[in-house]
Amino acid sequence: MKLYNTLTRKKEEFVPLVPGEVKMYVCGPTVYNYFHIGNARPFTVFDTLRRYLEYRGYKVTYVQNFTDIDDKIIARAAEEGISPGEISEKYIEEYYKDAAALGIRKADIHPRVTENVEEIIAFVQKLIDKGFAYEVNGDVYFDTTKFHEYGKLSKQSLEDLEAGARIEVNEVKRNPMDFALWKAQKPGEQAWDSPWGKGRPGWHIECSVMSTKYLGETIDIHAGGQDLIFPHHENEIAQSEACTGHPFARYWLHNGYITINDEKMSKSKGNFFTVRDILKEFDGEVIRFFLLSAHYRNPINFSRELMEQSQSALDRLYNAKGNLEHLLENVEDRMVRDEERQLLAQWKIYKDKFIEAMDDDLNTADAIAAIFELVKEINSNVKGTSSKELVQRSYALLVELAGVLGLLNKRNEEAIDPDILQLVEERQKARKEKNFALADKIRDELKEKGFILKDTPQGVQIMKRNESGTKPQF
Ligand SMILES: Nc1ncnc2c1ncn2[C@@H]1O[C@H](COP(=O)(O)OP(=O)(O)OP(=O)(O)O)[C@@H](O)[C@H]1O
Ligand SMILES: [Zn+2]
């Protein structure tokens, strides 16, 4: 498999440090709000990379942290009159709910900063002992001039960075690009005891510490959104490599932005849509499909139109799956015929195309296209007169490939209330009796309850829509 490595600015063959095993760290959310669809992109894309690596036989250890110490959390807690711990606890719970709706699997470990303060202090102390960090009035800073490779990820020289840096009043740092490893407590802030007095960790140090602690000094893949390249990941490299003397991560992966009118979606600009709001109208798998419908390094401009396209594309996949399920229950047990064997042999080409696309720096857009080619073949060749084996194997291939992308994971009628199923049955009965007025009335009633019916040659399909409530404006 080839992956584009930001460190070398090249697509490189992916070779893990230990054959067959992948250690992977993804920078997680700062938990003071619901996450927006821009934040959802790295979580979804790298979850897909994990699934694909597992599909290709690797044992993946996946770590994604929660940043639960941060200025924004402290500010939010002050606004709401509760503790920062209560804010982060709440939004961690909410993260899990939205992530589950998007089919993002839980990481093997979801470490939190508050659970690692002791290790952070030890790491910072080691940097001081090695001469890479210094203390001023209870703050500790990393001395960027001591780490000679500073700037190697973002391809900037320290001189250029320093020339462009803003010198702030009351500057206590030795050099403009030095950054805080530890921050002395300000009045009213949460704080931990340390050799430098009461305070709390800076932002960047947490990922160096948690990645090293849970995955080791050198890991295979470190990932996040492209805004993290500088300064966050540059600083992580400086801290980690200064501390351990070993390369920190071998492949650095960064996703492009979800934009709104070609501007990065971000909380600070206020131009964002939370996944929670979008879920009021679209199923989580539609959001996932949308996020995977482009190559992860390209920007995607978020729009209702694209969401609707994703919806209908995913519906087509579910229809194909539903048809095959229906056939599975109904086809007679015939012998597989020669021409069916040939078809199955030919369809391997779609699996090959899928793998080729995913091997090419996780090209999920082309991988999805390969699935649609397969679906077209299935729709025109698998019928009521087919052998059970053809139906079974078509079904297995479709579910296998879509499953690698985390799609087609739901059962069509999953979690549909018996009362709703009863209404659907009454409507079908009314239609059979040509009582279309009653059939339409029931259909409208179901729509109001958030269920849309689709009549297909194989019978009715029930789709859940969360269309009640106010629509988000996008
Ligand atoms: N518009 C976006 N498109 C793609 N990825 C994004 C976008 N905005 C943030 N990310 C990524 O989301 C992940 C979670 O980051 P975090 O919770 O710290 O959000 P954030 O960077 O504070 O968001 P914001 O930029 O909206 O303030 C990071 O990997 C970040 O790079
Ligand atoms: Zn990080």
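Just so it is clear, the model here is predicted, and its values are computed rather than measured. (Residues numbered from 1 in each chain as written. Chains lettered and ligands numbered in written order. Predicted model: local features only at pLDDT ≥ 70, side-chain atom pairs only at ≥ 80, totals over all residues. Heavy atoms only, no water.)

Bridging between strand E1 (residues 2-5) and strand E2 (residues 10-13) involves four bridges; their strand directions are antiparallel. Its bridge partner being in E2, Lys 2 is matched across the sheet by Glu 13. Connecting E1 to the next strand, E2, in antiparallel fashion are four residues, including Arg 9 with a positive phi near 55°. (Pairing = 2+ DSSP bridges. Helix = DSSP H or I, 4+ residues; strand = E, 2+ residues; numbered from the N terminus.)

Before going further, it helps to examine the UniProt feature "binding site: ATP" (unreviewed entry) in the protein. Here, the residues flagged by UniProt with the feature "binding site: ATP" (unreviewed entry) are Lys 267. Apart from residues no more than four positions distant in its own chain, Lys 267 is found in contact with Thr 30, Tyr 32, His 36, Asn 39 and Phe 272. (UniProt positions renumbered as here; feature names shortened; annotations may be inferred. Contact = heavy atoms within 4.5 Å.)

Here we have three strands laid out as an open sheet, ordered E12-E11-E13, and mixed in their pairing. Unpaired on one side and paired on the other, strand E12 (263-264) and strand E13 (300-301) mark the two borders of the sheet. Sheet topology places strand E11 (residues 258-260) next to E13; two bridges connect them, and they run parallel. Along E13, the bridge assignment pairs Ile 258 with Ile 300.

This brings us to the site of ligand 1. In the neighbourhood of ligand 1, 20 residues make up the surrounding shell, with His 36, Asp 227, Lys 264, Met 265 and Lys 267 lying closest. Here an oxygen atom of ligand 1 sits 2.7 Å away from a polar atom, N or O, in the side chain of Lys 264. One of the backbone N or O atoms of Met 265 is found 2.8 Å from a nitrogen atom in ligand 1. Alone, ligand 1 offers 590 Å² of accessible surface; in the complex the protein occludes 93% of this. Those elements giving two or more residues to the shell around ligand 1 turn out to be helix H1 (37-55) and strand E9 (219-225). Tallying contributions element by element places H1 first for the shell around ligand 1, with four residues. Of the residues that constitute the shell around ligand 1, the class distribution is seven nonpolar, nine polar and four charged. (Near = heavy atom within 4 Å. Polar contact = N/O pair within 3.5 Å; in protein donor to acceptor, adjacent residues only side chain to side chain. Areas by Shrake-Rupley, 256 points an atom, 1.4 Å probe, with all protein chains shown as cover. Nonpolar A, V, L, I, M, F, W, Y, C, P; charged D, E, K, R; others polar.)

Bringing the coordination of the zinc ion (ligand 2) into the picture now. For the zinc ion (ligand 2), the full set of protein donor atoms is Cys 27 (SG), Cys 207 (SG), His 232 (NE2) and Glu 236 (OE), and the range of their distances to it is 2.0 to 2.5 Å. Coordination at the zinc ion (ligand 2) is irregular, judged from the four donor atoms that bind it and the angles of 72 to 126° they form at the metal. Written as a sequence motif, the donor residues of the zinc ion (ligand 2) are C-x179-C-x24-H-x3-E. Taken together, the residues Cys 27 in the loop between strand E3 (21-26) and H1 and Glu 236 in helix H7 (residues 229-244) connect sequence positions 209 residues apart. No difference in accessibility class separates Cys 27 from Glu 236, as the two residues are buried. (Donors = N, O, S within 2.8 Å, 3.2 Å for Na, K, Ca; no water. Tetrahedral: all angles 85-135°; square planar, octahedral: opposite > 155°, others 65-115°. Buried < 20%, exposed > 50% of the residue type's maximum accessible area, 1.4 Å probe, protein only.)

If you walk across this open sheet you meet the four strands as E5-E6-E7-E8, and the pairing is antiparallel. The two strands at the open ends of the sheet, each matched to only one other strand, are strand E5 (133-136) and strand E8 (199-201). Each adjacent strand pair in this sheet contributes to an overall mean axis angle of 20°, direction not counted. Looking at chain direction, strand E6 (residues 139-142) and strand E7 (residues 179-184) are connected through three bridges and run antiparallel. (Axes fitted to C-alpha atoms, helices over the stretch in contact; angles between N-to-C directions.)

Let us now look at the domain arrangement of the protein. In terms of domain boundaries, the protein breaks down into domain 1 (2-132 + 146-170 + 204-255), domain 2 (316-404) and domain 3 (418-464). Measuring from the centre of the C-alpha atoms in domain 1 to the corresponding centre in domain 2 gives 38 Å. Taken together, the contact between domain 1 and domain 2 spans 11 residues of the former and 12 residues of the latter. Each partner contributes to the roughly 1,000 Å² buried at the junction of domain 1 and domain 2, and carbon and sulfur atoms together form 58% of this total. Among the residues of domain 1 in contact with domain 2, Lys 2, Tyr 52 and Tyr 55 are the three that bury the most area, contributing 52% of the side total. Our count for the domain 1 to domain 2 interface comes out at two salt bridges. Note that Asp 360 and Lys 11 form a salt bridge whose closest N and O atoms lie 2.8 Å from each other. Counting across the domain 1 and domain 2 interface gives eight residue pairs in polar contact (both at pLDDT 80 or more). By residue number, the principal contributor to the side of domain 1 that touches domain 2 is H1, which donates six residues. Here the residues of the side of domain 1 that touches domain 2 are counted per class, giving six nonpolar, one polar and four charged. (Domains from an automatic or database assignment. Buried area = accessible area lost by both parts, 1.4 Å probe. Salt bridge = Lys/Arg side-chain N within 4 Å of Asp/Glu carboxyl O.)

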